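Structural overview
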Amino acid sequence: AGAFFHGQRIFVGTRAGLLVSDDGGQSFVPGPMTGIPPGEAMVSLAGAKANGQVRLFCVTLEAGAVYPGMQGDEHWSYRGIYRLDYDVAPTWVAVGNQLAGHAFFIAMARENPYVAYAAGATVEPDAPAVFKTVDGGQTWQAIFQTELNHNIGTGWQGAQGDREWTYGEYALGLAVCPADADRVMLTDLGFVHGTTNGGATWHQLYVDPRD
């Protein structure tokens, strides 16, 4: 599901749970899983550190739907987003109940524990979706607004474009600049979009704007 490195400490998210190493990867032990219900499994993990403390986020799906090599089309099995303040309390806290859609990926900048992005899909009609929190998961906002291309500078995919947003359908990748939480890139079934202002506006990155 992902990994986060903090000096000699390494966190690895797997469908079997969280693994933690305190010796640079020489050995791993199971990490906290309290708070994530039985029947759910991680598919994406991200982390950040500040003032020596680590915060992790993960996305879970129905455990029976999680398998090696799976892609974002499995977002229909979405169950939740959870937060773990590893150095404070060994319990995952559910924080993803407000999403107007499904999440599959989660990503953060390395030293900003308050801002996180989750990507997946809207529901009926299917379209790529990105959700953002700026308060450590307490609230989430849909920031990739495909309806009428509200905050997206499009290429040839988009509302009333050569291809509608249903062509891209769902997220296939999400990346946040490690040093800048305002810089984000999203891929789907055929296209890539980016933002440099934290999702206030997005622009396509797959065709020369003059075309």
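Think of each chain on its own: its residues are numbered from 1, step by step along the sequence as written. Since the coordinates come from a predicted model, pLDDT governs what is reported: local features require at least 70, and pairs of side-chain atoms require 80 or more to be given and counted, while whole-chain, interface and lining totals use all residues. The basis for every side-chain value is the complete set of non-hydrogen atoms in the structure, without hydrogens or water.

1. Things to note about unusual backbone geometry
Working note: non-glycine residues mostly have negative phi, and peptide bonds are mostly trans. Filter applied, for reference: The numbering of helices and of strands both runs from the N terminus, where a helix is a DSSP run of H or I of at least 4 residues and a strand a run of E of at least 2. Relative accessibility thresholds used throughout: buried, under 20% of the residue-type maximum; exposed, over 50%; partly exposed, between the two (1.4 Å probe, protein chains only).
A cis geometry characterises the amide bond from Glu124 onward to Pro125, with omega recorded as 0 degrees. Its location among the elements puts Pro125 in the loop between β10 (116–121) and β11 (128–133). Backbone geometry at Gln160 places phi at a positive 65 degrees, although glycine is not the residue there. With respect to the helices and strands, the residue Gln160 is situated in the loop between β13 (152–153) and α1 (165–168). Although it is not a glycine, Glu169 sits at a positive phi angle of roughly 70 degrees. Relative to the helices and strands, Glu169 resides in the loop between α1 and β14 (173–177). Under the relative-accessibility criterion, Glu169 is labelled partly exposed at 25%.

2. Regarding the pairing of strand β1 (residues 2–6)
Two faces make up the sheet, and in a regular strand the side chains alternate between them. We count it as follows: For two strands to be treated as a pair, DSSP must find at least two bridges joining them.
In the sheet, β1 pairs with strand β2 (residues 9–14) via 5 bridges, with the strands oriented antiparallel. Its bridge partner being in β2, Phe4 is matched across the sheet by Phe11. Linking β1 back to β2 in an antiparallel pair, the connection comprises 2 residues, with Gly7 at a positive phi of about 60 degrees.

3. A look at the packing of aromatic side chains
The condition is simple: Centre distance within 6.5 Å is the pairing criterion for rings of Phe, Tyr and Trp, where only the six-membered ring of Trp is used; planes under 30 degrees apart are then read as stacked, over 60 as edge-to-face, and the remainder as tilted.
According to the stated counting rule, one finds 10 aromatic pairs in the structure shown. Here the aromatic rings of Trp156 and Phe191 are separated by 5.0 Å at their centres, their planes lie at 80 degrees, and the arrangement is edge-to-face. Here the residue Trp156 occupies a position in the loop between β13 and α1, and Phe191 occupies one in the loop between β15 (180–187) and β16 (192–195), the gap between them amounting to 35 residues. Its relative accessible area of 38% is what places Trp156 among the partly exposed residues. For Phe191, a relative accessible area of 4% translates into the label buried.

4. Focus: the sheet that holds β14
If you walk across this open sheet you meet the 5 strands as β13-β17-β16-β15-β14, and the pairing is mixed. Both edges of this open sheet fall to β13 and β14, since each of them pairs with a single strand only. Of the strand pairs in this sheet, β14 and β15 are connected by 5 bridges, and their pairing is antiparallel. Bridge assignment links Val176 to a residue of β15, and that residue is Val184.

5. Quick word on the nonpolar core
What counts here: In this text, buried Ala, Val, Leu, Ile, Met, Phe, Trp, Tyr and Cys residues form a nonpolar core when linked through side-chain atoms within 4.5 Å. Whether two residues are in contact is decided by their heavy atoms: any pair within 4.5 Å suffices.
Counting 42 residues, the largest nonpolar core has Phe57, Val59, Ile81, Tyr117, Val130, Trp140 and Trp202 as the members making the most contacts within it. Among the secondary structure elements, those contributing two or more residues to this core are β5 (40–50), β6 (53–62), β7 (78–85), β9 (102–107), β10, β11, β14 and β15. At 5 residues, the largest contribution of residues to this core is made by β9. When neighbours within four sequence positions are excluded, Trp202 is seen to be in contact with Val130, Ile143, Phe144, Asn151, Ile152, Gly153, Val184, Leu186, His193, Gly194 and Thr195. Core analysis: the second largest hydrophobic core is formed by 13 residues, Phe11, Met42, Leu45 and Cys58 among them.

6. Looking at the sheet that holds β11
In any sheet, the strands associate via hydrogen bonds between backbone groups, in a parallel or an antiparallel arrangement. The strand order across the open sheet built from 4 strands is β9-β10-β11-β12, with neighbouring strands paired in antiparallel fashion. One side of each edge strand has no neighbouring strand; the edge strands of this open sheet are β9 and β12 (141–142). The sheet contact formed by β11 and β12 spans 2 bridges and is antiparallel. Looking at β12, one finds that Lys132 is bridged to Gln141.

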